[in-house]
Amino acid sequence: MPQLNQHNGFLKCVLLSITLTAAACSERAAPPAAISLDSAAQAYLQLVLALAQHDPQFLVSYFGPQDARAQAAANPLEADEIARQARRTEAAIAAVAAPEDGIEARRREYLRAQLLAVARRAETLDGEHLPFMQEAELVFGAKIPDLEARSHITQLHARINRIMPGQGLLADRIASFREKFIIPPDRLPAVIEAAVAACRSRTREILELPPERLEVEYASGVNWLTYNEFRGNGFSVIKINTDLPVYIDRALEMGCHEGYPGHHVSNVLKEQELVKKRGWQEFTVQTLFSPQTLVEEGLASYGVELVFPHEERIRFERDVLFELAGFDRAQAHRYLELMSLIEELAYADIEGARRYLDGEWEPGFTARWLVNYRLLSAARARQRLAVFDTYRSFIATVYLGRQLVRGYIATQVADDDPAAAWREFRSLLVTPVLPSDLGN
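Residues numbered from 1 in each chain as written. Predicted model: local features only at pLDDT ≥ 70, side-chain atom pairs only at ≥ 80, totals over all residues. Heavy atoms only, no water.

K.L.:
Quick question: what am I supposed to make of the overall build of the protein here?
P.N.:
Looking only at helices and strands, the protein has 18 helices and five strands in total. Relative to the 2.2 N^0.38 estimate, which gives 22 Å for 440 residues, the radius of gyration of the protein is 23 Å and therefore close to what a compact globule would have. C-alpha extents for the protein along the principal axes are approximately 70 × 50 × 40 Å. With 440 residues in all, the protein has 55% of them scored as buried. Restricting the contact set of the protein to residue pairs at least 6 apart, pairs at least 24 apart contribute 72%. Accessible surface for the protein amounts to roughly 19100 Å². Of this, 49% is attributable to carbon and sulfur atoms. Here the protein holds 48 positive side-chain charges and 59 negative ones, and the gap between their average locations is 2 Å. (Helix = DSSP H or I, 4+ residues; strand = E, 2+ residues; numbered from the N terminus. Rg over C-alpha atoms; globule rule 2.2 N^0.38 Å. Buried < 20%, exposed > 50% of the residue type's maximum accessible area, 1.4 Å probe, protein only. Contact = heavy atoms within 4.5 Å. Areas by Shrake-Rupley, 256 points an atom, 1.4 Å probe, with all protein chains shown as cover. Lys, Arg positive; Asp, Glu negative; His and termini not counted. Charge placed at Lys NZ, Arg CZ, Asp CG, Glu CD.)

K.L.:
Would you explain the sheet that holds strand E2 (residues 213–219) in this entry?
P.N.:
Pairing between sheet strands relies on hydrogen bonds along the backbone, with the strands arranged either parallel or antiparallel. Taken together, three strands build an open sheet; the order of strands is E2-E4-E3 and the sheet is mixed. What marks the edges here is a single partner per strand, and that holds for E2 and strand E3 (226–232). Each neighbouring strand pair of the sheet contributes to a mean axis angle of 25°, computed without reference to strand direction. Alignment of E2 against strand E4 (residues 235–241), held across seven bridges, turns out to be parallel. (Pairing = 2+ DSSP bridges. Axes fitted to C-alpha atoms, helices over the stretch in contact; angles between N-to-C directions.)

K.L.:
Please explain the nonpolar core as it appears in this structure.
P.N.:
Nonpolar side chains tend toward joint burial in soluble globular proteins. By size, the foremost hydrophobic cluster in this structure holds 130 residues, and its most contacted members are Val118, Ile160, Ile248, Leu321, Tyr335, Leu338 and Ile409. In terms of residues, this core owes the most to one element, helix H1 (residues 37–54), which gives 11 residues. (Core = buried A, V, L, I, M, F, W, Y, C linked by side-chain atoms within 4.5 Å.)

K.L.:
Help me out: how do you make sense of unusual backbone geometry in this one?
P.N.:
Most peptide bonds take the trans form, and the phi angle of most residues other than glycine is negative. Omega for the bond connecting tyrosine 260 with proline 261 falls within 30 degrees of zero, at 5°, which places this linkage in the cis form. Mapped onto the elements of the fold, proline 261 is located in the loop between helix H9 (248–259) and helix H10 (263–276). Positioned with a positive phi, asparagine 233 is a non-glycine residue whose angle comes to about 55°. Of note, asparagine 233 is situated in the loop between E3 and E4.

K.L.:
Got a minute to help me understand the confidence of the model for the protein in this structure?
P.N.:
Interpreting fine coordinate detail is not advised for predicted regions of low pLDDT. The predicted model of the protein has a mean per-residue pLDDT of 89, with 92% of residues at 70 or higher. Long-range and interchain partners of residues 1–28, a stretch whose pLDDT sits below 50, account for 55 contacts in this model, where long-range means more than four residues apart. (pLDDT = per-residue confidence, 0-100.)

K.L.:
Sorry, what's going on with the side chain of threonine 284 here?
P.N.:
Looking at the secondary structure, you find threonine 284 in the loop between H10 and strand E5 (285–287). Not counting chain neighbours up to four residues away, the residues in contact with threonine 284 comprise Leu45, Ser61, Tyr62, Phe63, Gly64 and Val275.

K.L.:
How should helix H17 (residues 397–412) be read in this particular structure?
P.N.:
Counting along an α-helix, one turn takes 3.6 residues, and residues three or four places apart therefore face a common direction. In a regular helix each residue adds 1.5 Å, so 16 residues correspond to 22 Å; H17 covers 22 Å between its end C-alpha atoms and thus fits that length. Taken residue by residue, H17 has Thr397, Tyr399, Leu400, Gly401, Arg402, Leu404, Val405, Tyr408 and Ile409 as its buried positions. (Expected span 1.5 Å × (residues − 1).)

K.L.:
What is the right way to look at the pattern of salt bridges in this model?
P.N.:
Side chains that carry opposite charge are capable of pairing whenever their charged atoms lie near each other. On inspection of all chains with the given rule, the structure shows 33 salt bridges. Across the pair arginine 355 and glutamate 351 runs a salt bridge whose closest N-O atoms are separated by 3.0 Å. Of this pair, arginine 355 and glutamate 351 both sit in helix H14 (residues 346–357), separated by four residues, roughly a single helical turn. For glutamate 351, a relative accessible area of 5% puts it in the buried group. Taken together, the shared-partner salt bridges connect Glu90, Arg108, Glu109 and Arg112 into one network. (Salt bridge = Lys/Arg side-chain N within 4 Å of Asp/Glu carboxyl O.)

K.L.:
What is the right way to read the environment of phenylalanine 388 from this model?
P.N.:
Relative to the elements of secondary structure, phenylalanine 388 occurs in helix H16 (residues 378–391). As for phenylalanine 388 and arginine 354, which are separated by 34 residues in sequence, their C-alpha atoms are 8.9 Å apart. In this structure phenylalanine 388 touches Asp349, Gly352, Ala353, Tyr356, Leu357, Thr366, Leu370 and Ile395, once residues within four positions along its chain are discounted.

K.L.:
For this particular structure, what's the right way to read the packing of aromatic side chains?
P.N.:
Here a ring pair, both rings aromatic, is described through the centre-centre distance and the interplanar angle of the planes. Scanning the entire structure with this criterion turns up 22 aromatic pairs. Taking 4.8 Å as the distance between ring centres and 20° as the angle between the ring planes, the aromatic pair formed by tyrosine 110 and phenylalanine 283 counts as stacked. Highlighted residues: tyrosine 110 in helix H4 (residues 102–125) and phenylalanine 283 in the loop between H10 and E5, separated in sequence by 173 residues. Taken as a pair, tyrosine 110 and phenylalanine 283 share a single burial class, namely buried. With a centroid separation of 6.0 Å and an interplanar angle of 80°, the aromatic rings of tryptophan 422 and phenylalanine 425 are classed as edge-to-face. Pair noted here: tryptophan 422 and phenylalanine 425 are both in helix H18 (residues 418–429), with a separation of three residues, about one helical turn. For the pair shown, tryptophan 422 and phenylalanine 425 are each scored as buried. An aromatic cluster of three or more residues is present, and its members are Phe177, Phe181, Phe322, Phe327 and Tyr335. Above the plane of the ring of phenylalanine 289 lies arginine 121, whose end atom (NZ or CZ) is 3.7 Å from the centre. (Phe/Tyr/Trp six-rings, centres within 6.5 Å; stacked < 30°, edge-to-face > 60°. Lys NZ or Arg CZ within 6 Å of the ring centre and 35° of its normal.)

Here it is as structure tokens:
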């Protein structure tokens, strides 16, 4: 793995791994010279690590040379400088003719999109906020469908109401029912272990994986429920926040989405196929605000239904996880049907975030929207506003990514051919993929 060099010019307009003319820093700078994709990848890595000094959430994981982290901390860049260098590097890639090799051509477009996302995030940190829909497209490559939100959501409410009949607010009825399915803390490790083991077993029956290892850690005092940190050499850690209630349906989501065949498997295969075999260093980092995130979240979410088709999931959760958690197995079907419909209410989240962040709705009105349409409790609705403030258009990635991946695979394989769906899924895991490649 090539080491990164130190260079004083890095603090100004010249990236360490790119040779540009001195005139690049002047007002009369010429267009950037064409550069190799490997050089662009090194520049991208440096800029991601530099941006993480300002925004630690931006960097999800990194398993490249550790001295690069120290170098980024020792030679900090201002956010506006990161944005300028990212845009200049993207322009230098654009000056390179598209490779004839298909996967190399995909790599070129992937790097360009990731660099523009770095620039956009740096500009956001520097105080330049765009409207929600425009930000989502520029940062994530996500064209969010312009649904008639109230009509779409009301139809879902009617279906949910049939499952949850009764008096009072629908959100209150749901909250009261769901409280019965919070995994007791003393049973949580056993439930999570069983879920991860089942996801791993089913995935490894289909996908051949190199040596890999996954561990689960429990954390507190953080503002997320769960995430996967990949540390290289086939090793990941799933972290779970024990300060928040973990509902029974989340166990399998964590095992599959964060583990098998989700983020862990995605990283393991990318490390093997793209980093080790091809030397593509850009895949040693994962960033939170980028097209990479939208695709990875979509693949991980789709992976849950790939491993556990609907009825199989209900049987497993009822017969194994409900039993381990000490829940009434007779309620499993009703609970899981309810949660599958609530999952589809994610568009209410997107609509609320959009209106709130664009200044159309004030906080109180947005919270009431989330109670009445997203069916959150009043307390959770207020907490959700802080999530909107922090993550902005990121909150659309899981919903939209899953829709894109599901729709793309449906166009590539027949409904009755799960083996072909797995092959297509694996291909997406080991190819530089952008949302536009999936039909967005």
